Amino acid sequence: MSGQRVAVLGAGSWGTTFAKILADGGADVAVWARRPELAREIRESKRNSDYLPGINLPRSLWASSRLDEVLEGREQVYVSVPSQSLRENLAAVRALLPDDAVVVSLMKGVEKGTRFRMSEVLEQELGVGPERIAVASGPNLALEIAREQPTAAVIASENHDTATRVALVATNPYFRSFVNTDVIGTEFGGVLKNLIAVAIGIVDGVGYGENTKASIITRGLAEMTDFAVAFGAQADTLRGLAGLGDLIATCGSSLSRNNTAGRLLGQGYSFSEVIKQMNQTAEGLSSVAPVLELALERGVEMPIVSQVAEVLAGTLAPRDIAPHLTTDPMPQGE
Ligand SMILES: NC(=O)C1=CN([C@@H]2O[C@H](COP(=O)(O)OP(=O)(O)OC[C@H]3O[C@@H](n4cnc5c(N)ncnc54)[C@H](O)[C@@H]3O)[C@@H](O)[C@H]2O)C=CC1
Ligand SMILES: O=C(CO)COP(=O)(O)O
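Quick notes on the rules
- Residues numbered from 1 in each chain as written.
- Chains lettered and ligands numbered in written order.
- Predicted model: local features only at pLDDT ≥ 70, side-chain atom pairs only at ≥ 80, totals over all residues.
- Heavy atoms only, no water.
- Helix = DSSP H or I, 4+ residues; strand = E, 2+ residues; numbered from the N terminus.
- Rg over C-alpha atoms; globule rule 2.2 N^0.38 Å.
- Lys, Arg positive; Asp, Glu negative; His and termini not counted.
- Charge placed at Lys NZ, Arg CZ, Asp CG, Glu CD.
- UniProt positions renumbered as here; feature names shortened; annotations may be inferred.
- Buried < 20%, exposed > 50% of the residue type's maximum accessible area, 1.4 Å probe, protein only.
- Contact = heavy atoms within 4.5 Å.
- Salt bridge = Lys/Arg side-chain N within 4 Å of Asp/Glu carboxyl O.
- Polar contact = N/O pair within 3.5 Å; in protein donor to acceptor, adjacent residues only side chain to side chain.
- Near = heavy atom within 4 Å.
- Axes fitted to C-alpha atoms, helices over the stretch in contact; angles between N-to-C directions.
- Parallel < 35°, antiparallel > 145°, perpendicular 65-115°, else oblique.
- Left-handed = near helix turned anticlockwise from the far one by under 90°.
- Nonpolar A, V, L, I, M, F, W, Y, C, P; charged D, E, K, R; others polar.
- Pairing = 2+ DSSP bridges.
- Areas by Shrake-Rupley, 256 points an atom, 1.4 Å probe, with all protein chains shown as cover.
- Domains from an automatic or database assignment.
- Core = buried A, V, L, I, M, F, W, Y, C linked by side-chain atoms within 4.5 Å.

A.B. asks: Help me understand the overall build of the chain in this model?
C.D. replies: Tallying secondary structure elements over the chain gives 15 helices and 8 strands in all. Relative to the compact-globule value of 20 Å for 334 residues, the chain shows a C-alpha radius of gyration of 19 Å, a close match. Each principal axis of the C-alpha atoms in the chain carries an extent, and together these give about 60 × 40 × 35 Å. Looking at the chain, you have 30 positive and 39 negative side-chain charges, and the mean spots of the two groups are 6 Å apart.

The structure is reproduced here in structure tokens:
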């Protein structure tokens, strides 16, 4: 569907890549970058050299650090800032959001303290009903997509028509969007696979091999599914692109920041040293605590995520992480 006027808020690796996806699908795209110098680089040089080195962005892409310029007249607004900064960023968006614009979360985190999903924060801060909200998720490593490698994603909205309208715009020759109405499952899939990817990074850093990783991925998917279903998700969603699909991509790639952060922990760096070394967002590090609080609230056991939390806290040595609860001697059903 060409010619749609859309905005992307956030010019990190994913916001910029998604802007390229939309522009390559024929949309008229305006990008908001927090820093004026980055907006200028995208607008004038068609580059985002810090986040997407070597990628030429579409000539039609326009960018500004002024929200009013970016949001004016836009029919769809895609949001891609670090999850913990979403609420503060939305304060300025509400008054400028065009009536009837659909808002799409590209983010994969849970808010610390409140434990809200990103679509819930969007609803609260923008005063927009769920029928105007969608979320995008799936196996979407930004740099691969920026290189135009064929990729699939899923767009979820409680309103099927909204999901379809977004998916028609977020589709181009190298990027295909599927749709569903399971917002909770789609969103939690993206959050939870980050935590499993941290676990995979940890065991990789320790030097464990494929059996350990396959065990963690498989049991991790069971853990992700139990958690998401307890909050109302469909189990099928977790077997799809937003669950298993994203788990495979993130756990298998050194492009993943969550995987990278885990690997540093596994190599013996402390949590604060890892934070210092990361110059991009690793959402899993901030989502561990709120996810475990939510799990406790619903009585869901998350042995792998709990062990990640312990490694982050420095109370479990990375080499002692195991894909099961070692404290229970009785064999358990898979
Ligand atoms: N990079 C990827 O491959 C993918 C990322 N995502 C998700 O997209 C979201 C954004 O991540 P990335 O673009 O990858 O992160 P990034 O680290 O590449 O970029 C974050 C951007 O937000 C800006 N920023 C930092 N603090 C901010 C604040 N307080 N207010 C406004 N802007 C701020 C940074 O300057 C940067 O432009 C995350 O939730 C991530 O999980 C989802 C799919 C793929
Ligand atoms: O969500 C992603 C791939 O789908 C990106 O993963 P990272 O945030 O770990 O880089």
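Let's pick the thread back up.
A.B. asks: Would you take a moment to explain the UniProt feature "binding site: NAD(+)" (unreviewed entry) in the chain for this structure?
C.D. replies: Residues given the UniProt feature "binding site: NAD(+)" (unreviewed entry) here are Gly 10, Ala 11, Gly 12, Ser 13, Trp 14, Gly 15, Ala 142 and Arg 257. Among the structural elements, Gly 10 can be located in the loop between β1 (5-9) and α1 (13-24). Assessed through its relative accessible area of 5%, Gly 10 is described here as buried. Tracing the backbone shows Gly 15 in helix α1. Overall, the relative accessible area of 1% leaves Gly 15 in the buried class. If we ignore the near neighbours within four places in the chain, the residues touching Gly 15 are Val 8, Gly 10 and Ser 80.

A.B. asks: Help me understand the pattern of salt bridges in this model?
C.D. replies: Between side chains of opposite charge, a pair can form as their charged atoms come close. Summed over all chains, the structure comprises 18 salt bridges. For Lys 20, the salt bridge identified is with Asp 24, shortest N-O distance 2.8 Å. With Lys 20 and Asp 24 both in helix α1, this residue pair falls 4 residues apart, about one helical turn. On the basis of relative accessibility, which here comes to 29%, the residue Asp 24 falls in the partly exposed class.

A.B. asks: What am I meant to see in the side chain of Lys 46 here?
C.D. replies: With respect to the element layout, Lys 46 can be found in the loop between α2 (36-45) and β3 (62-64). The charged side chain of Lys 46 is buried without a salt bridge, its nearest counter-charge being Glu 44 at 9.3 Å. Here Arg 43 takes part through its backbone oxygen, which lies 3.0 Å from a polar atom of the side chain of Lys 46. Leave out the neighbours within four places in its chain, and Lys 46 touches Glu 41, Ile 55, Asn 56, Leu 57, Pro 58, Arg 59 and Leu 61.

A.B. asks: Quick question: what am I supposed to make of the site of ligand 1 here?
C.D. replies: As a structural note, the neighbourhood of ligand 1 is formed by 23 residues, with Ser 13, Asn 89, Ala 142, Thr 281 and Glu 283 the closest of them. At 3.0 Å from an oxygen atom of ligand 1 is found a main-chain nitrogen or oxygen belonging to Lys 108. A distance of 3.5 Å separates an oxygen atom of ligand 1 from a polar side-chain atom of Gln 280. Listed by contribution, the elements that provide at least two residues to the shell around ligand 1 are α1 and α4 (86-90). For the shell around ligand 1, the element with the most residues is α1, which contributes 3 residues.

A.B. asks: Could you clarify how one ought to interpret the packing of helix α14 (residues 283-298) against helix α15 (residues 303-313) in this entry?
C.D. replies: The axes of two packed helices give the description: the angle between them and the distance between them. Across the interface, α14 lies against α15 with an axial gap of 10 Å and an inter-helix angle of 125 degrees. By the angle between their directions, the pair α14 and α15 is classed as oblique. The crossing of α14 and α15 is left-handed. From α14, Leu 285, Val 288, Val 291 and Leu 292 reach across to α15, where they touch Val 305, Ser 306, Val 308, Ala 309 and Leu 312. Residue composition of the contact of α14 with α15, by class: 8 nonpolar, 1 polar and no charged.

A.B. asks: Can you help me understand the sheet that holds strand β8 (residues 175-180) in this one?
C.D. replies: Strands belonging to one sheet form pairs held by backbone hydrogen bonds; the direction of such a pair is parallel or antiparallel. Spatially, β3-β2-β1-β4-β5-β6-β7-β8 is the arrangement adopted by the 8 strands of the open sheet, whose pairing is mixed. What marks the edges here is a single partner per strand, and that holds for β3 and β8. Each neighbouring strand pair of the sheet contributes to a mean axis angle of 25 degrees, computed without reference to strand direction. Alignment of β1 against strand β4 (residues 76-79), held across 4 bridges, turns out to be parallel.

A.B. asks: Mind showing me how you'd approach the site of ligand 2 here?
C.D. replies: Taken together, Lys 108, Gly 138, Pro 139, Asn 140, Leu 141, Lys 193, Asp 246, Thr 250, Leu 255, Ser 256, Arg 257 and Asn 258 make up the full set of residues near ligand 2. In this structure, an oxygen atom belonging to ligand 2 sits 2.5 Å away from a side-chain N or O atom of Arg 257. In isolation ligand 2 exposes 300 Å². Once the protein is present, 92% of that is buried. Going through the elements one at a time, α11 (241-252) and α12 (257-266) are the ones with two or more residues in the shell around ligand 2. Each of domain 1 (5-181) and domain 2 (184-325) gives at least three residues to the shell around ligand 2.

A.B. asks: It is not clear to me how the nonpolar core should be interpreted in this structure. Could you clarify?
C.D. replies: Of all hydrophobic cores here, the largest spans 42 residues; its most connected members are Phe 188, Leu 192, Ile 196, Phe 227, Val 291 and Met 302. Of all the secondary-structure elements, those providing two or more residues to this core are α8 (183-206), α9 (210-230), α11, α12, α14 and α15. At 11 residues, the largest contribution of residues to this core is made by α8. Leave out the neighbours within four places in its chain, and Phe 227 touches Phe 188, Leu 192, Val 291, Leu 294, Ala 295, Val 300 and Met 302. Judged by nonpolar contacts, the second largest core, of 40 residues, contains Val 8, Leu 52, Ala 136 and Leu 143.

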